[in-house]
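Examining the three-dimensional arrangement
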Amino acid sequence: MIKAYYMIPLMTSLLPLNGWAKDLDKNDSNKNNARQEQGETSGDLHAFVRKNYAGTRLVTDVKGTQHYIKGTVGEKNGWFHIDSGAISSCITRHGVQFFGLTTRDTNETVIGIGGAEKKRLAKVPAFRVGPHINIGEVELTVYAGKGTQSGILIDGKPVKNCGQVGIDILQPARALIDYKTDRLHYPSTKKAPDIIAKAAELGWVRVPLTKAGQGSTHQVVQVTINGRKGSFVLDTGAQQSVISSKFAKEAGIDSMPSPVKAVGIGDGQSAIRIGSVDKLEIGSFKLQDYPMLVIDLNAINVDQFDGIIGSEFLFASQAIYDIGSASLFLEPKTIPLHESMLMAGKFGISPEKLAKKVSENNVILALAVESFSVLPKVEVTASYGQAYMAARVHAKIVKSFKADKGTDYPEGGEFSFVTVIPRVKGEAAIRDNLMKTLARNPEKIVFLSVGKDGQITPSPASGSIYTDSPLRRRDLQQAINGVDPK
């Protein structure tokens, strides 16, 4: 997430790489096998990166929208948030306590998320990020914010965030983040592999990034929304993409108010509106009905950009973000947005199909998911290659939008149905995956067909749509009332 920390010149170096990749792959075999099942082949750019770069695994938070990397201070390991929007790496108050660090006050003030406070520095001895990005002894700013990232699970156990790895470490290390394999890579030699040529050979879209301005380290991507061009910061620390209210008005973006407020640099706050972009283009990569938050960026002191492209886009597109060459690599394909959005926009179906769903189903419910139980023998593969397994979802009814034929589905009542989740191996991985699905999609709208005998058609999974958006609810209500939801 974009922050105004003071830049600390860090001297990074790579430790010897010989023999390390083999050892890491051995320890990481379960994750690699799961990724191979999800469609990674020797002919794609992900496999090229895995083969030609050194790297280490990253873990995600329970929402599946943020990456964390293991960092070492002395001989003790902790987990650090990967945040390309932070111009300077920092350490949290928990990290100071966890590593037993000493701090000193300064006469300066540092502005962070939620307000300004007196700048404190922590002396960090023998700091290393991953197995080979060696920082050495350094003083890091103690995180100036009223909260820290949370919800990290490592092998099924909750852990706290120790700090943030910012662009000041990622750029000198020529870091590359693979959002399909959840790995951070970097060249193992002085000359990096020619990933740009390989991407062109494989037909991938390469989007060049530029600096935000003289002296800035932020990397900016040119985005076209509804035909209007704008400059957006590419920020791995932002959980959701954001568009400025001024640009949204100029681009004619439909939006609705939300009770949530955005807190930015300093003590600025801005009301959040939830919008849906009719057409978004990044290079030759195109999306339709893409959800974005609409915020007055001036109110939170981030008004030098037209918006932010956040991590939900990177995860959804399974992008490769090469910080070293200032490139974003995208594979032209259909993105299953409903699985990847933290804040959903419009339905991922056309108004005509939504109206057809409403007419074909006599029960439409909004559910709050409470728990899952896996059905290991049921597996399906989507048209875009993703493998899924089935799970029975246990939920409570939040609202009944439609309940024909005398059916009774009271608010607060218990309900269960079958859905699908991305297929992974291992009990811990399945549990983590279910928790991420639950955290990312707290509500679900389900379309059900109930027969004359009162029995539910035994395939409700295909008729369910994730949602937490007023725009989706409005479109659904209009379809139920016979109004074309455009």
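Attention in this report is confined to the structure presented alongside it. Please read these numbers as outputs of a predicted model, since none were measured by experiment.

Section: the packing of helix α3 (residues 45-52) against helix α6 (residues 195-202)
The contact between α3 and α6 brings their axes to 10 Å, and the two run at 155°. Taken together, α3 and α6 sit at an angle that is classed as roughly antiparallel. For the pair α3 and α6, the sense of crossing is right-handed. Residues L45, F48 and V49 of α3 pack against I195, K198, A199 and L202 of α6. Grouping the amino acids of the contact of α3 with α6 by side-chain chemistry returns six nonpolar, no polar and one charged.

Remarks on the nonpolar core
Grouped together as the largest cluster of nonpolar side chains are 61 residues, with contacts concentrated most on F127, L184, I225, F313 and L328. Other than its neighbours up to four places away in sequence, F127 contacts T72, V73, F80, I133, N134, I135, G136, V138, L140 and I169. Listed in part, the 15 residues of the second largest apolar core include L365, V369, F417 and V450.

Observations regarding unusual backbone geometry
We note that A126 has phi near 45°; this positive angle belongs to a residue other than glycine. Examined against the element boundaries, A126 turns out to sit in strand β8 (residues 115-129). The phi dihedral of N226 is positive, around 50°, even though this residue is not glycine. Note that N226 resides in the loop between β17 (219-225) and β18 (228-234).

Brief notes about the side chain of D235
When you line up the elements, D235 lands in the loop between β18 and β19 (242-244). Within the structure, D235 has its side chain in polar contact with the backbone nitrogen of G85 (distance 3.2 Å).

Thoughts on α3
Within an α-helix, residues lying three or four positions from one another point in the same direction, as the helix has 3.6 residues per turn. Judged by how many residues are buried, α3 sits mostly within the fold: six of eight residues are covered. Where α3 is concerned, the buried positions are L45, H46, A47, F48, V49 and R50. Residue D44 occupies the N-cap position of α3, its side-chain oxygen lying 3.2 Å from the main-chain nitrogen of H46.

Examining the environment of Y321
Its location among the elements puts Y321 in strand β24 (residues 320-322). On the basis of relative accessibility, which here comes to 0%, the residue Y321 falls in the buried class. Considered as a pair, Y321 and L184 are 137 residues apart in the sequence and their alpha carbons are 9.7 Å apart. Apart from residues no more than four positions distant in its own chain, Y321 is found in contact with S84, A175, L176, I177, Y179, L209, Q219, L234, T236, S327 and L328.

Thoughts on the pattern of salt bridges
A side chain with one charge can pair with a side chain of the opposite charge if their charged atoms come near. Using the criterion set out here, one finds six salt bridges in the structure. Put simply, E250 and R228 hold a salt bridge, and the shortest N to O gap is 3.0 Å. Residue E250 is located in helix α7 (residues 245-251), and its partner R228 is located in strand β18; the two are separated by 22 residues in the primary sequence. A relative accessible area of 40% means that E250 is categorised as partly exposed.

What to know about the pairing of strand β5 (residues 76-82)
The buried count for β5 comes to five of seven residues, which makes it a mostly enclosed element. Both strand β4 (residues 67-73) and β5 contribute to a ladder of six bridges, which runs antiparallel. Counterpart to V73 in the pairing with β5 is K76. Between the antiparallel neighbours β4 and β5 lie two residues, among them G74 with a positive phi of about 65°.

Some points on the sheet that holds strand β25 (residues 327-330)
Strand order in the open sheet formed by six strands is β2-β14-β13-β24-β25-β15, and the pairing between neighbours is antiparallel. Looking at the sheet topology across the chains shown, the edges are occupied by β2 (54-57) and β15 (205-208). Going across the sheet, the axis of each strand differs from the next one's by a mean of 20°, ignoring polarity. With four bridges joining them, β2 and strand β14 (residues 183-186) adopt antiparallel strand pairing. Bridge pairing links A54 to Y186 in β14. Across the sheet, α6 is in contact with β13 (176-178), β15, β24 and β25; its angle to β25 comes to roughly 25°.

A word on the packing of aromatic side chains
Going through the model one piece at a time under the given rule, you end up with seven aromatic pairs. Judged by centre distance (5.4 Å) and plane angle (45°), the rings of F80 and F127 are tilted. A residue pair is termed long-range when its members are at least 10 positions apart, and F80 in strand β5 and F127 in strand β8 qualify at 47 residues. In this structure F80 comes out as buried when scored by relative accessible area, which is 1%. When its relative accessible area of 2% is taken as the criterion, F127 is described as buried. Their ring planes at 80° and their centres at 5.0 Å tell us that F98 and F99 sit as a pair that is edge-to-face. A residue is classified by how much of its surface remains accessible, and F99, at 12% relative accessible area, is buried. What links up through ring pairs into an aromatic cluster is the set F80, F98, F99 and F127.

Calculation notes
Residue indices follow the written sequence of each chain, beginning from 1 at its first position. Side-chain atom pairs in this predicted model are given and counted only at pLDDT of 80 or more, local residue features only at pLDDT of at least 70, and totals for whole chains, interfaces and linings cover all residues. Hydrogens are left out, water is left out, and the side-chain values use all remaining heavy atoms of the structure. Axis lines are fitted to C-alpha atoms, over the contacting stretch for helices. Their N-to-C directions set the angle, which ranges from 0 to 180 degrees. Secondary structure elements are defined from DSSP: runs of H or I of at least 4 residues count as helices, runs of E of at least 2 residues count as strands, and each element is numbered from the N terminus. Throughout this description, any angle smaller than 35 degrees is read as roughly parallel, any larger than 145 degrees as roughly antiparallel, any in the 65 to 115 degree range as roughly perpendicular, and the remainder as oblique. Handedness of a helix crossing follows the sense of rotation of the near helix relative to the far helix, less than a right angle counterclockwise being left-handed and clockwise being right-handed. We call two residues in contact whenever any of their non-hydrogen atoms come within 4.5 Å of each other. Gly is put with the polar residues, along with every residue not named as nonpolar or charged; the nonpolar set is Ala, Val, Leu, Ile, Met, Phe, Trp, Tyr, Cys and Pro, and the charged set is Asp, Glu, Lys and Arg. Working definition of a nonpolar core: buried Ala, Val, Leu, Ile, Met, Phe, Trp, Tyr and Cys residues. They are joined through side-chain atoms within 4.5 Å. The cut-offs for exposure are 20% and 50% of the maximum accessible area for each residue type, with area from a 1.4 Å probe on protein chains only; residues under the lower value are buried, those over the upper are exposed, and the others partly exposed. Contacts described as polar in this section are N or O atom pairs within 3.5 Å, which, within protein, must combine one atom able to donate a hydrogen with one able to accept it, while residues neighboring in sequence count only if both atoms come from side chains. What counts as a salt bridge is simple: a side-chain nitrogen of Lys or Arg found within 4 Å of a carboxyl oxygen of Asp or Glu. One bridge is not enough; two strands pair if DSSP finds at least two bridges between them. Only centres within 6.5 Å qualify two rings of Phe, Tyr or Trp (six-membered ring in Trp) as a pair; their planes then separate them into stacked at under 30 degrees, edge-to-face at over 60, and tilted for everything else.

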